[in-house]
Number of protein chains: 2
Amino acid sequence: MSRKVSDSTIRRLSLYLRILEAMERKGGGTVSSVDLAAAADTTAAQVRKDLSLFGSFGKRGLGYQVADLARQVRDILGLSRRWRVALVGAGRIGSALFEYESFRRRGFEIVTVLDNDASKVGQRWGEVEVQDTADLDRVLRDADVEVAILTVPAGAAQEIAEQVVGAGIRGILNFAPAQLRVPDGVFVQDVNMVMELEALSFDLTNRVASAGRSTE
Amino acid sequence: MSRKVSDSTIRRLSLYLRILEAMERKGGGTVSSVDLAAAADTTAAQVRKDLSLFGSFGKRGLGYQVADLARQVRDILGLSRRWRVALVGAGRIGSALFEYESFRRRGFEIVTVLDNDASKVGQRWGEVEVQDTADLDRVLRDADVEVAILTVPAGAAQEIAEQVVGAGIRGILNFAPAQLRVPDGVFVQDVNMVMELEALSFDLTNRVASAGRSTE
DNA sequence: AGGTGTGAACACTTTCACAGCA
DNA sequence: TGCTGTGAAAGTGTTCACACCT
């Protein structure tokens, strides 16, 4: 269907959806591209361009129906369904993500947890039991998951990635600081918190001289 | 000094640095833009353009001295120093980040932790004691921090952001799903894990039809 | 020969501005 | 009149290709 959709557009659609759902909770009604842009910290033209890539959802002179548009954006992003997710790596970060309510609310359900640490295997985490990474292929196939969250050490990430791909996973949310090599048709999203702090460090070091006043 | 540096360039510099440091550990020597590009999954021209924004670090016919270039990139990113960091929000994610060794290794030191939950205030976390958010201004000034990591609920994020800015913080790593409004001269980096999963969901829904074969 | 540094060409993204519908 | 949807213009980021140094 729609081609040439940039990553920035996708990120903005996520953001629009978050805003629209907040508006929905506050009563709904209609919203203009100007309103949405203000909330999303972008321009009205940008909002309209982003949406126009997928269809005509507004009414000229009126704006967009909040609830309608929210549903449309959910459909575009593929969020009108549940996603079964595997968590590989039961360390501190993995454990925090397992409890993270925002994933579940959005329909991402962690249905299985794996680790290679014998002291963790067998632990009960809520409804699930931590499985051994040695059984990864079987566990992932049995659990019927399509997405894997990797919170393993950088050194293990590539090997685990290959294993989850072998088990049929097509989407990976990668927390390991490693450039994963995956076959065509498999998608990787990296979350690199150190990189974000480094970007802050750069900004603080280079983009500002004096405190307070910006060099616009 | 150097103007017009894009966010993508900064992200790539972080990546180059990670790769260079791995090479350093394996012995160092020299590296060409072709090698670096292969490891960073980009092009040689891109590597040279990125670096050329900040100076001439290579030797024609030879390439770059690994250890030298690593040091240069660290300087560019402002990583040749320690950064004192405050963690606001002592929940699951905050606690995982507090233990996260990669921050410390990179020179980001969490020197104070705050929360508004009375049951958490006073807890000992390693070397530090969890402080009350009510005392945020005093605590942050006493601790002499420049960067804050926010792992608070979305609803509280804007208010906390204003408080940390008021206390003199100029860099915020924001984990809350909220668009923070901050004055000029303050930098915000968002980490939004739900958004990353939503991007994966989009890819899996729209960018692939059959399993395995890509539509290149 | 080998590989950097860089202007010029190209590709992509955002903004402008306005025709057209409610 | 008010606001969308969209071609065209402007602006940014990436790739090409080659002069130049070692």
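These numbers come from a predicted model, not from an experiment. (Residues numbered from 1 in each chain as written. Chains lettered and ligands numbered in written order. Predicted model: local features only at pLDDT ≥ 70, side-chain atom pairs only at ≥ 80, totals over all residues. Heavy atoms only, no water.)

Student: Please give an account of empty space enclosed by the protein that cites residues and values.
Tutor: With the rule as written, the count across this model stands at 2 cavities of 30 Å³ or more. Empty space within the largest cavity amounts to approximately 60 Å³. Elements that contribute at least two residues to the lining of the largest cavity include exactly α5 (92-99) of chain A together with α5 (92-99) of chain B. Space inside the second largest cavity adds up to approximately 30 Å³. (1 Å grid on protein atoms, 1.4 Å probe; cavity = no way out; pocket = protein on both sides within 12 Å on 5 of 7 lines; lining within 4 Å. Points joined across faces, edges and corners; volume = space filled by probe spheres on them. Helix = DSSP H or I, 4+ residues; strand = E, 2+ residues; numbered from the N terminus.)

Student: If you had to explain the protein's contact with DNA strand D to someone new, which residues and values would you point to?
Tutor: With respect to spatial proximity, 23 residues lie near DNA strand D, and among them A:Ser33, A:Arg48, A:Gly58, A:Gly61 and A:Tyr64 are the closest. Close to the protein, within 4 Å, the atoms of DNA strand D belong to sugar or phosphate groups at a rate of 60%. Take A:Gly61: an N or O atom from its main chain is 3.0 Å from a sugar or linking oxygen of DNA strand D. Measuring from a base nitrogen of DNA strand D, one finds a side-chain N or O atom of B:Arg48 at 3.3 Å. For the surface near DNA strand D, the secondary structure elements donating two or more residues are α3 (44-52) of chain A together with α1 (7-25) and α3 (44-52) of chain B. The biggest single contributor to the surface near DNA strand D is α3(B), with 4 residues. In the surface near DNA strand D, the residues fall into 4 nonpolar, 11 polar and 8 charged. (Near = heavy atom within 4 Å. Polar contact = N/O pair within 3.5 Å; in protein donor to acceptor, adjacent residues only side chain to side chain. Nonpolar A, V, L, I, M, F, W, Y, C, P; charged D, E, K, R; others polar.)

Student: How would you sum up helix α1 (residues 7-25) of chain A? Please name residues and give values.
Tutor: Residue and element names in this part refer to chain A. With 19 residues, α1 extends 28 Å from end C-alpha to end C-alpha; this agrees with the ideal 27 Å at 1.5 Å per step. All buried positions along α1 are accounted for by Thr-9, Ile-10, Arg-12, Leu-13, Ser-14, Leu-15, Tyr-16, Leu-17, Ile-19, Leu-20 and Glu-21. Looking one or two places after α1, you find Gly-27, whose phi comes out positive at around 125°. (Expected span 1.5 Å × (residues − 1). Buried < 20%, exposed > 50% of the residue type's maximum accessible area, 1.4 Å probe, protein only.)

Student: With reference to specific residues and values, describe the interface of chain B and chain A.
Tutor: On the side of chain A, 65 residues touch chain B, which itself brings 66 residues to the contact. For the pair chain B and chain A, the two sides together bury roughly 6500 Å², of which 62% comes from carbon and sulfur. In this assembly, chain B and chain A are joined by 8 salt bridges. Put simply, A:Arg11 and B:Glu196 hold a salt bridge, and the shortest N to O gap is 3.4 Å. Our enumeration of links across chain B and chain A arrives at 28 residue pairs in polar contact (both at pLDDT 80 or more). Only α1, α2 (33-40), α4 (66-77), α5, α6 (101-105), β8 (171-174), β9 (187-190) and α9 (193-206) of chain B provide two or more residues apiece to the side of chain B that touches chain A. (Contact = heavy atoms within 4.5 Å. Buried area = accessible area lost by both parts, 1.4 Å probe. Salt bridge = Lys/Arg side-chain N within 4 Å of Asp/Glu carboxyl O.)

Student: With reference to specific residues and values, describe the protein's contact with DNA strand C.
Tutor: The local shell around DNA strand C holds 23 residues, among which A:Arg12, B:Ser33, B:Arg48, B:Gly61 and B:Tyr64 are the closest. Taking the atoms of DNA strand C that fall within 4 Å of the protein, sugar and phosphate contribute 57% of them. At a separation of 2.6 Å, a phosphate oxygen of DNA strand C approaches a polar side-chain atom of B:Ser33. By residue class, the composition of the surface near DNA strand C is 4 nonpolar, 11 polar and 8 charged.

Student: Can you tell me about the relation of the copies chain B and chain A, naming the residues and giving the values?
Tutor: Rotating chain B by 180° about the axis while translating it 0.0 Å along that axis superimposes it on chain A, leaving an RMSD of 0.0 Å. The symmetry that links the two subunits is that of a two-fold axis. Both copies contact each other with a shared surface, as 98% of the interface residues of chain B are interface residues in chain A too. (Least-squares fit on C-alpha atoms with pLDDT ≥ 70 in both.)

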